[in-house]
Amino acid sequence: MKIKLIQPAMLPRPMDTKLKTRMSPSLALLTIANLTPKGHEVIIENENVEKINFDEPVDLVVITVTVDVMNRAVEISKDFQNRGISVIAGGIHITADPESAVNSFDAICVGMAERVWKKILKDKENNSLKKIYYDMENISGGEIVSPNYHIIDNKKYLYTNIISTSRGCPFECDFCYNSCKNVLKTYINRPIEDVIKDIRVLKTRHIMFIDDNFIGNPVWTKKLLKEIKPLKLKWNAAVTSNIVDMPELLDEMKESGCQSLFIGFESINSKSIDSVHKIQNSVKRYEKLVDEIHKRGIMINASFVFGLDEDDISVFKNTLEWIVKNKIETVTSHILTPYPGTKLYSSLIEENRILDFNLSNYNTAHVVYKPKNMTAEELYNGYLWIYKEVYTFKNIMKRLPKSKKQWIPFIAFNLFYRKFGKLTELLCNIVSFKNIGRFFRWLSYRIK
């Protein structure tokens, strides 16, 4: 069979540029490609970087779906179905809310595809597709399949050096997909030798680990770090704030080449943290956490969520002051978004507080519910304001890292990616994303 794998186009947020949409390829689709038995032909089309060829003759279409591209995924599905082509959908939104998706596609894959993909292909060949495929009972990390890195077109992306070492997360915060009933309720790590193999396949010293939680099993993480230390890597990852209790692990991170950590601080208001049951966060220990990371020469990408029920309009000014005071190198902000299937979504539905059911607006840049202690307009304007203020020249310089060795990558990221992203996007169109990607990787290597 000839199989087309599609990533639908995302709708940009106010601060996004094409740098965001071209950041990296879909590991989900690359994994499906590697799961596909020889004898089938696989084509990948990412609508963020290229047009979908609807006229190309194919036997099967597969779409990976996040909540904000669901509407577009349905449009794509209808177009192919009208041409007599079967469409399968999977991804985090399908897994979180399968009931609302099942009738829009010929079949859906709920959860991981490792056990069911060959069944789907066989059923398609026998004209016996089922509506729902799910098989994850007692699934192990050893069953996770590597992506097919060999088929990536490097010219299309800034980064192709992305690796996942795990699935799931040990925590179940109310606004997170991990609170959904169909999402993996455990945390599994891949065999370390499989991760090392992927690193060697990529043939680069800079690796982006894109796990939901790189330290979900600290014992395993420590073993991995000891194994990669001789490789002299420079790497980044996402961790939870309870790493403040793991100084030895932070030491191993420093020694093995960690350059920056993405951390979901979410709020500097402890009542807001408690309201969504983010039990791993301790606001009173945030400054210690920042200090422990910074004194090891590691930079921080801090994620914040605005609009939690204990937030009022003062949260924006207070958060900005905290960010600047603690010299947080870069910030990712979000408007609280009730993803369908999560505990947050269920509670807001019960309270009749969801105002907008257009899933295209569920990209953390729109107010789709009624906040408690501010108006929707105040929440949206505050969200835009803090992005603008974090990346003013004044606040960029106030957040300049103490280590001079980090100045070049810090200034480059804050200016070229955040503040002047539109200009960098224009430059990308002239020079090509491949060369700009090389530039950003060079910056990464500059961090000592």
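Details of the structure are given in the entry above.
Residues numbered from 1 in each chain as written. Predicted model: local features only at pLDDT ≥ 70, side-chain atom pairs only at ≥ 80, totals over all residues. Heavy atoms only, no water.

## Overview of the sheet that holds strand S1 (residues 2-7)
Strands sit in the order S2-S1-S3-S4-S5-S6 across an open sheet of 6 strands; the sheet is parallel. Every interior strand has two partners, whereas the edge strands, strand S2 (41-46) and strand S6 (132-133), have only one. Bridging between strand S3 (residues 60-64) and strand S4 (residues 86-90) involves 5 bridges; their strand directions are parallel. Its bridge partner being in S4, Val-61 is matched across the sheet by Val-87. With respect to the sheet, helix H6 (residues 117-125) is in contact with S1, S3, S4, strand S5 (107-109) and S6, its orientation differing from that of S3 by roughly 150 degrees. (Pairing = 2+ DSSP bridges. Helix = DSSP H or I, 4+ residues; strand = E, 2+ residues; numbered from the N terminus. Contact = heavy atoms within 4.5 Å. Axes fitted to C-alpha atoms, helices over the stretch in contact; angles between N-to-C directions.)

## So, the packing of aromatic side chains
A complete count under the given rule lists 14 aromatic pairs for this structure. Ring centres 5.7 Å apart and planes at 70 degrees place the aromatic pair Phe-209 and Trp-235 in the edge-to-face group. Highlighted residues: Phe-209 in strand S10 (residues 206-209) and Trp-235 in strand S11 (residues 234-239), separated in sequence by 26 residues. The same class applies to Phe-209 and to Trp-235, which are both buried. (Phe/Tyr/Trp six-rings, centres within 6.5 Å; stacked < 30°, edge-to-face > 60°. Buried < 20%, exposed > 50% of the residue type's maximum accessible area, 1.4 Å probe, protein only.)

## Comments concerning the nonpolar core
In this structure, Phe-105, Phe-214, Trp-235, Met-253, Leu-261 and Phe-265 are the most contacted members of the largest nonpolar core, which totals 107 residues. Among the elements that line this core, the one with the most residues is helix H12 (residues 314-325), at 6 residues. Counting residues in hydrophobic clusters, the runner-up holds 17 residues, among them Ala-33, Leu-60, Ile-88 and Ala-107. (Core = buried A, V, L, I, M, F, W, Y, C linked by side-chain atoms within 4.5 Å.)

## Examining the packing of H12 against helix H14 (residues 376-390)
With their axes 10 Å apart at the nearest point, H12 and H14 run at an angle of 20 degrees to one another. On the basis of the axis angle, H12 is roughly parallel to H14. Crossing geometry of H12 relative to H14 is assigned as right-handed. Here Phe-316, Lys-317, Thr-319, Leu-320 and Ile-323 of H12 come into contact with H14, specifically with Glu-378, Leu-379, Gly-382, Tyr-383, Trp-385, Ile-386, Glu-389 and Val-390. Residues that form the contact of H12 with H14 fall into these classes: 8 nonpolar, 2 polar and 3 charged. (Parallel < 35°, antiparallel > 145°, perpendicular 65-115°, else oblique. Left-handed = near helix turned anticlockwise from the far one by under 90°. Nonpolar A, V, L, I, M, F, W, Y, C, P; charged D, E, K, R; others polar.)

## Re the packing of helix H8 (residues 218-228) against helix H9 (residues 247-256)
Look at H8 against H9: their axes get within 9 Å of each other, and the N-to-C directions meet at 25 degrees. The angle between the axes of H8 and H9 places the two elements in the roughly parallel class. Crossing angle aside, the handedness with which H8 passes H9 is left-handed. Within the contact between the two elements, H8 uses Pro-218, Thr-221, Lys-222, Leu-225, Lys-226 and Ile-228 and H9 uses Glu-248, Leu-249, Glu-252, Met-253 and Ser-256. When grouped by side-chain class, the residues that make up the contact of H8 with H9 number 5 nonpolar, 2 polar and 4 charged.

## Some words on the sheet that holds strand S13 (residues 299-306)
Taken together, the 6 strands give an open sheet; going across it, the order is S7-S10-S11-S12-S13-S14, and neighbouring strands pair in parallel fashion. At either end of the open sheet lies a strand with only one pairing partner, and these are strand S7 (162-163) and strand S14 (330-335). Both strand S12 (residues 258-266) and S13 contribute to a ladder of 6 bridges, which runs parallel. Each bridged residue has a counterpart across the sheet, and for Gly-264 the counterpart in S13 is Ser-303. Strands S12 and S13 of the sheet are contacted by helix H11 (residues 286-294), whose axis makes an angle of about 170 degrees with S12. Along the sheet face, H14 touches S13 and S14 and points at about 170 degrees away from the line of S14.

## Details of empty space enclosed by the protein
Under the counting rule described, the total for this entry stands at 2 cavities of 30 Å³ or more. Volume-wise, the second largest cavity comes out at about 30 Å³. As for the second largest cavity, its lining consists of Met-15, Asp-16, Thr-17, Leu-19, Tyr-417 and Arg-418. Here the residues of the lining of the second largest cavity are counted per class, giving 3 nonpolar, 1 polar and 2 charged. (1 Å grid on protein atoms, 1.4 Å probe; cavity = no way out; pocket = protein on both sides within 12 Å on 5 of 7 lines; lining within 4 Å. Points joined across faces, edges and corners; volume = space filled by probe spheres on them.)

## Overview of unusual backbone geometry
In the Ramachandran plot, Lys-327 falls in the positive-phi region, its phi being about 50 degrees despite a non-glycine side chain. Mapped onto the elements of the fold, Lys-327 is located in the loop between H12 and S14. You can call Lys-327 partly exposed: its relative accessible area is 25%.

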